[in-house]
Amino acid sequence: MSKMSNNDLTHLEESTNDVIASLPDTNLHRSSSIGQISIPISSNSSNSSTQTSSMAGSMAPPTLCIPITTDAPTNAPPAPPSDSSSPTPSVPKTPKPHHMRKPSSKRPRDMMSAATLNENLNEGLSSSNPPTSLSFTRSLMFYGHGTVTTENFQACKFLQEARDMRKKYCMLKGVYTSPSLKSTPLSSIQYSFSKEGVLSLRSSSTSSFLKIPSIFDFMSDYNRLKQICQDGATRSFSFTRLQLLSSAFKTHIIANGHVEMEAQSRLLGTDFYRTPKVDNHIHLAAAASAKQFVDFVREKLENEPDTVVLEEGDTLKEVFDKAGLDADHLTIDAFNVLADYSVYQRFDNFNSKYSPFKLAQMRRIFLKVDNHIEGRYFAELTKRVFARHEQDKGHRALTEMRLSVYGMERQEWLQNAKWVLKNWEGGPVLSKKNKWLVQIPRLWRIYKFKHKDSVSSFHDMIENIFTPMVEATLRPEENPEVAELLKNVVGFDSVDDEGNPEAPCCTKHPKEWTTSENPAYAWQLYYLWANIKVINGLRSSKGLNTFAFRPHAGETGDVMHLAATYMLCESINHGINLDKQVSLQYLYFLDQVGLSISPLSNNFLFRKMKDSPFSKFFRRGMNVALSTDDPLLFHLSDDPLLEEYSVARASFDLSMTDMCEIARNSIMQSGFSDTEKREWLGKYYKRGVKHCDVLKTHIPLIRAKFRAEHLALEHMMLKLIASDKGDGVLEMMMGQYGASRDAHRGILYENFITVPDGETVWMPGQTEPPSMDAPQPSVSFESKTEDEDENNKTK
Ligand SMILES: [Zn+2]
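Residues numbered from 1 in each chain as written. Predicted model: local features only at pLDDT ≥ 70, side-chain atom pairs only at ≥ 80, totals over all residues.

### Points about the overall build of the chain
For clarity, the threshold we go by: Under the scheme used here, helices are H or I runs from DSSP no shorter than 4 residues and strands are E runs no shorter than 2 residues, and both carry numbers assigned from the N terminus. With C-beta atoms placed from the backbone, a residue is buried if 20 or more other C-beta atoms are within 10 Å of its own, exposed if 12 or fewer are, and partly exposed between those counts. Think of it this way: build a C-beta for each residue from its backbone, and any pair within 7 Å is a contact.
Per the secondary structure count, the chain includes 31 helices and 13 strands. A total of 795 residues make up the chain; the buried ones form 50% of that total. Intrachain contacts of the chain at a sequence separation of at least 6 include 75% that bridge at least 24 residues.

### Points about the sheet that holds strand S8 (residues 489-495)
Threshold: Two strands form a pair only when DSSP identifies at least two bridges running between them.
Overall, parallel pairing links the 5 strands, which are arranged S5-S6-S7-S8-S9 in an open sheet. At either margin of the open sheet sits one strand with a lone partner, and together these are strand S5 (277-283) and strand S9 (548-549). In terms of strand pairing, S8 meets S9 through 2 bridges, oriented parallel. Residue pairing in the sheet places Phe 492 in a bridge with Phe 549 of S9.

### Some words on helix H14 (residues 376-390)
Given 3.6 residues per helical turn, the α-helix brings residues three or four places apart onto the same face. Counted only if it meets this: Helix span, as expected, comes to 1.5 Å for every residue beyond the first.
With 15 residues, H14 should reach 21 Å at 1.5 Å per residue; the first-to-last C-alpha distance of 21 Å fits that figure. Packed against the buried residues of H14 are helix H9 (290-303), helix H13 (360-366), strand S6 (397-404), helix H15 (412-421) and strand S7 (434-441).

### Quick look at the nonpolar core
For the record, the criterion: In these notes, a nonpolar core means any group of buried Ala, Val, Leu, Ile, Met, Phe, Trp, Tyr and Cys residues linked to one another through C-beta atoms within 7 Å. The split of the chain into domains comes from an automatic or database domain assignment.
Residues Ala 563 and Met 567 are the most contacted members of the largest nonpolar core, which totals 174 residues. The element that contributes the greatest number of residues to this core is helix H29 (residues 701-722), accounting for 14 residues. Each of two domains, domain 1 (2-150 + 238-267 + 686-698 + 700-794) and domain 2 (277-512 + 548-654), supplies a minimum of three residues to this core. When near neighbours in sequence (up to four residues on either side) are disregarded, Ala 563 contacts Tyr 222, Leu 225, Lys 226, Cys 229 and Leu 584.

### Brief notes about the sheet that holds strand S13 (residues 624-626)
Applicable threshold: Helix axes are fitted only over the stretch in contact, all axes being lines through C-alpha atoms; the angle between N-to-C directions runs from 0 to 180 degrees.
Spatial strand order, S10-S11-S12-S13: 4 strands in an open sheet with parallel pairing. The outermost strands of the open sheet, each flanked by one partner alone, are strand S10 (552-553) and S13. Bridging between S10 and strand S11 (residues 571-574) involves 2 bridges; their strand directions are parallel. When the bridges of S11 are listed, His 552 appears paired with Asn 573. Running at roughly 100° to S13, helix H26 (residues 656-669) makes contact with S11, strand S12 (594-597) and S13 of the sheet.

### Describing helix H7 (residues 215-230)
Put simply, the rule reads: Starting at the helix axis, one direction is taken to each C-beta atom, and the arc is that of these directions.
Counted at 1.5 Å a residue, the expected span for H7 with its 16 residues is 22 Å, and the 22 Å between its end C-alpha atoms agrees. Those residues of H7 not exposed but buried are Ile 215, Phe 218, Asp 221, Tyr 222, Leu 225, Ile 228 and Cys 229. Buried residues of H7 fall within an arc of 145° about the axis and therefore sit on the same side. Tucked into the core, H7 has its buried residues touching helix H5 (150-169), helix H8 (232-266), helix H19 (521-541), helix H20 (561-568) and helix H21 (582-590).

### Brief notes about unusual backbone geometry
Despite not being glycine, His 574 shows a phi value in the positive range, around 85°. Looking at the element boundaries, His 574 is found in strand S11. Among the residues examined, His 574 registers 27 C-beta atoms within 10 Å and is labelled buried. Unusually for a residue other than glycine, His 698 sits at a positive phi of about 65°. Within the secondary structure, His 698 is located in the loop between helix H28 (694-697) and H29. Assessed through the 25 C-beta atoms surrounding it within 10 Å, His 698 is described here as buried.

### Section: the pairing of S8
Put simply, the rule reads: When the strands point away from the viewer, a crossover counts as right-handed if the route from the first strand across the helix to the second turns clockwise.
Within S8, 6 of the 7 residues are buried, which leaves it mostly tucked inside the rest of the structure. Strand direction decides the pairing type here: S7 and S8, joined by 6 bridges, are parallel. From the neighbouring strand, Trp 436 faces S8, where its bridge partner is Val 489. Tracing the backbone out of S8, into H19 and back to the parallel element S9 gives a crossover that is right-handed.

### Focus: the packing of H7 against H20
Threshold: An angle below 35 degrees is treated as roughly parallel, one above 145 as roughly antiparallel, one from 65 to 115 as roughly perpendicular, and anything else as oblique. Crossings are sorted by hand: turned counterclockwise from the far helix by less than a right angle, the near helix makes the crossing left-handed, and turned clockwise it makes it right-handed. Each residue gets one of three labels, nonpolar for Ala, Val, Leu, Ile, Met, Phe, Trp, Tyr, Cys and Pro, charged for Asp, Glu, Lys and Arg, and polar for the others, Gly among them.
Axis separation between H7 and H20 bottoms out at 10 Å; the angle between their running directions is 120°. Between H7 and H20, the crossing angle belongs to the class labelled oblique. Considering only the axes of H7 and H20, their crossing is right-handed. Residue-level inspection shows Asp 221, Tyr 222, Leu 225, Lys 226 and Cys 229 of H7 in contact with H20, the latter providing Ala 563, Ala 564 and Met 567. Split by residue class, the contact of H7 with H20 holds 6 nonpolar, no polar and 2 charged.

### Quick look at the environment of Phe 216
Looking at the element boundaries, Phe 216 is found in helix H7. Along the backbone, Phe 216 and Lys 508 are 292 residues apart, and their C-alpha atoms lie at a distance of 9.0 Å.

### Describing the pairing of strand S2 (residues 190-193)
Inspection of the sheet shows S2 paired to strand S3 (residues 199-202) by 4 bridges, in the antiparallel sense. Residue pairing across strands places Phe 193 opposite Leu 199, the latter belonging to S3. Hairpin connection between S2 and S3: a loop of 5 residues separates the two successive antiparallel strands, and Gly 197 in this loop has a positive phi of roughly 85°.

### A few points about the confidence of the model for the chain
What counts is decided by this rule: Confidence scores here are pLDDT values: one per residue, from the predictor, ranging 0 to 100.
Across the chain, the average pLDDT comes to 77, with 69% of residues at 70 or higher. Here residues 1-137 is modelled with pLDDT under 50, and outside its nearest four sequence neighbours on either side it reaches 312 contacts, counting other chains as well. In the predicted structure, residues 751-795 sits below a pLDDT of 50 and forms 38 contacts with residues beyond four places in sequence or in another chain.

### Points about the environment of Leu 486
Its place among the elements puts Leu 486 in helix H18 (residues 480-487). Looking at Leu 486, the number of C-beta atoms within 10 Å reads 23, which means it is buried. The sequence separation of Leu 486 and Ala 472 amounts to 14 residues, and the corresponding C-alpha distance is 8.3 Å.

### Details of the packing of helix H17 (residues 458-474) against H18
A pair of packed helices is characterised by two quantities: the angle between their axes and the separation of those axes. Close contact between H17 and H18 brings their axes to 8 Å; oriented N to C, the two are set at 95°. The angle between H17 and H18 falls in the class roughly perpendicular. Listed contacts from H18 to Pro 468, Met 469 and Ala 472 of H17 are Val 482, Ala 483 and Leu 486.

Spelled out as structure tokens, the structure:
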């Protein structure tokens, strides 16, 4: 996951300058339908070849996909504005645009003939007439003369600086790994925790194999990032861009929503149900629905009343008898696990919901791995949840559940490993449809309380968390269970109530943290990040799997938690607080940082559905997925992910195209393997949003293209403005986008002939196009009648 994300982002960044110039305008095809802005291309048009040939485009081998990038060298210089007197062969009689853009005289690189383009696009599609439309929304994004201000320049410089920080930490540009690590045998590598609280790997000949930015570096960068985010110019610029992205999406849907639906209906063989989707964010203790859980407990009470379940020697029946509970109490309401209004803004009440009947011992018996029955009930219940996902229900849902490692005791990893790998009835607690993450609760205050009589520091917690991991990586033969478990873990999460009071950020080393005060979120995150990165460096050098860092962030509390995760993390869970900080929101958009959002969970805990920013984030093109968080508490059915999608669809007016895009995001964010992602998203999925295999993802090309174009456009604009070109930005962008826009405009005017309003519309063949300063014709088809259609044919 970590590698995949890095590749995506790097690729995205490197190819920015080529992206739009190489966009194949694949939606410009024949269509018999006419929308408000969609322009039909008459079926007998002989211009289709010339129309599309002006579009720069290249098609990679899979013809069902839109490879938006080319194989051309990355960071190629922008095409110079060309001489306006040069003919544009591909766009006959294109009227002059509104402003001073000069059409490119050169045929863009990698241009593909319209015939080939059409052939490629048609091939594999179920219909010989793929739906078509134009998206004019990109024109909303152009800058005009005089609009690039000094403030814009400052904002773009700052935003680029922020993005470089993410590269330094999350994409490891700031981490040095010695090449000799790869060739050094595991048995020769020694480790220790430095006084700085970070793992150090060395050998007799190498003092340190990895160098990680220190807490001083991190805090300095973090404070700088906070400054940038709070800067007025940056906030204004980000706000404007985000507003424009919202506006562009709205226009796109008004214009092309029906085309998307039509396109989806033609993608035979796939649909939303068959498209895989990953529930990226589930806490294991709450993975079963309340109904599944109650049924399970009832079954155990009936079939195993005499099983000793507590260390004190109590049987299951005795436990229930002592609590005054009988079979009649085995109802969902009596269990009292479902979230209600008592948990809103009350994380303490929320946590108590994990205990049926509010009895801690029930939680211990049924939802813990380290109890008297070695977690057998918990394993059986979890396997029942897996079985539900593995059933072929015509709905492909996968999961990423969290095991807990608290750092209270050194043997927690071993307990988890034994529980997962034990040969329970039906085998270990593994499923090909589930990946494990490890969640580390930020519970220093409780750790300190438990050890109040001894001198202990935060450093001890770090050692408890990471020592078993490094031991199992260096000496797998001595730690076979943990070594095996690590192969099944794809990432790390960090969890707790972000609203808890926290100490100010500092550069203290963990050994110096001995008070019971809760350390700052960013401080804790740095130490998790640093140690995970060292272990990743070691594991990747030995060909082992590595771990993504995907913590909870921005659920509540200080919005600047999201600045720390922007720097350090591949993706996050929640992130709803991004709607309180536009600079960060824009940065998350630019780098497509994944947000796994759980609107139903938020509704009960921190943000009512009507106030959820999910819909806003999605429409702006952020990388959002839907997840369930705690099905036990929030969902009523045994298909919690489908329930989550269903509620979101109704609450946020999501189309089925939207739903498929969200499903695709969930796979991109997940830790499933490269092989699985290629199977589900297409073999070029690493190109991120710029690539879409329509048949696998069930996302129509027109949507995929819209997203790719707008992301690329923002990247390009940011770079150009940050390079201090001033109004030259306009010229450079026009050079970049000219061919593509010519093509759009060319097709528009070529097809005005079919518009039944001859008085106001320029027709091909007219000697002079109308002045572009004049009001533009209104292209509306709502009032068109059959008679008018008939008249039109006779013209
Ligand atoms: Zn959660």
